[in-house]
Amino acid sequence: NEERLAEFQKSPLWRNIRHGNVLSSTSSKESRNYVIKKAATAGQVTISTAAFGRGTDFFCKDSKLEAAGGLLIIQTFLSV
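The shown structure was predicted, so the numbers you read here are calculated from the model rather than taken from an experiment. (Residues numbered from 1 in each chain as written. Predicted model: local features only at pLDDT ≥ 70, side-chain atom pairs only at ≥ 80, totals over all residues. Heavy atoms only, no water.)

Chemist: Explain the overall build of the chain to me, using residue names and the numbers behind them.
Modeler: Along its length, the chain carries four helices and two strands. Order of helices (α) and strands (β) in the chain, N terminus to C terminus: α-α-β-α-β-α. A globule of 80 residues ought to have a C-alpha radius of gyration of about 12 Å, and the chain, at 13 Å, matches this closely. The dimensions of the chain, computed from C-alpha atoms along their principal axes, are 35 × 30 × 25 Å. The 80 residues of the chain split such that 22% are buried. When contacts within the chain are restricted to residue pairs at least 6 apart in sequence, those whose partners lie at least 24 apart make up 45%. If you sum the accessible surface of the chain, you get close to 6,200 Å²; carbon and sulfur atoms cover 52% of it. Both charge centroids of the chain, one from 11 positive and one from 7 negative side chains, sit 4 Å from each other. (Helix = DSSP H or I, 4+ residues; strand = E, 2+ residues; numbered from the N terminus. Rg over C-alpha atoms; globule rule 2.2 N^0.38 Å. Buried < 20%, exposed > 50% of the residue type's maximum accessible area, 1.4 Å probe, protein only. Contact = heavy atoms within 4.5 Å. Areas by Shrake-Rupley, 256 points an atom, 1.4 Å probe, with all protein chains shown as cover. Lys, Arg positive; Asp, Glu negative; His and termini not counted. Charge placed at Lys NZ, Arg CZ, Asp CG, Glu CD.)

Structure below.
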């Protein structure tokens, strides 16, 4: 949820993520669109709430990322 995501952003673990992005319903539409586009580029880590677990399309247009095997998504909740 949004509270846990905000809490994680204050943690030392988040500070260790070099290219971290947050996809949240509290972000502006422009910011969300930017994060979604940036998520499919090499070296990015994008963390989001469950609201973006379904219906969000990530398109990889980064040749470096494609050559390395493409986009990896790790989902830590059950999307129903």
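Resuming the write-up.
Chemist: Describe the packing of aromatic side chains, with residues and values.
Modeler: Under the defined criterion, the tally for this structure stands at one aromatic pair. Ring centres 5.9 Å apart and planes at 70° place the aromatic pair Phe-8 and Trp-14 in the edge-to-face group. Its relative accessible area of 14% is what places Trp-14 among the buried residues. (Phe/Tyr/Trp six-rings, centres within 6.5 Å; stacked < 30°, edge-to-face > 60°.)

Chemist: Lay out the pairing of strand 1 (residues 20-23) with the relevant residues and their values.
Modeler: With four bridges joining them, strand 1 and strand 2 (residues 45-48) adopt parallel strand pairing. In the strand pairing of strand 2, Val-22 is matched with Ile-47. Handedness of the strand 1-helix 3 (residues 29-39)-strand 2 crossover: right-handed. (Pairing = 2+ DSSP bridges. Right-handed = clockwise from strand over helix to strand, strands pointing away.)

Chemist: So, the environment of Val-35: which residues are in play, and what are the values?
Modeler: Relative to the helices and strands, Val-35 resides in helix 3. A relative accessible area of 6% means that Val-35 is categorised as buried. For Val-35 and Ser-25, which are 10 residues apart along the polypeptide, the C-alpha to C-alpha distance reads 12 Å. Residues within four places of Val-35 in sequence aside, it is in contact with Asn-21, Val-22, Leu-23 and Thr-46.

Chemist: Can you tell me about the environment of Glu-7, naming the residues and giving the values?
Modeler: When you line up the elements, Glu-7 lands in helix 1 (residues 2-9). Residue classification places Glu-7 among the exposed positions, given a relative accessible area of 58%. C-alpha of Glu-7 to C-alpha of Glu-66: the two residues are 59 residues apart in sequence and 33 Å apart in space.

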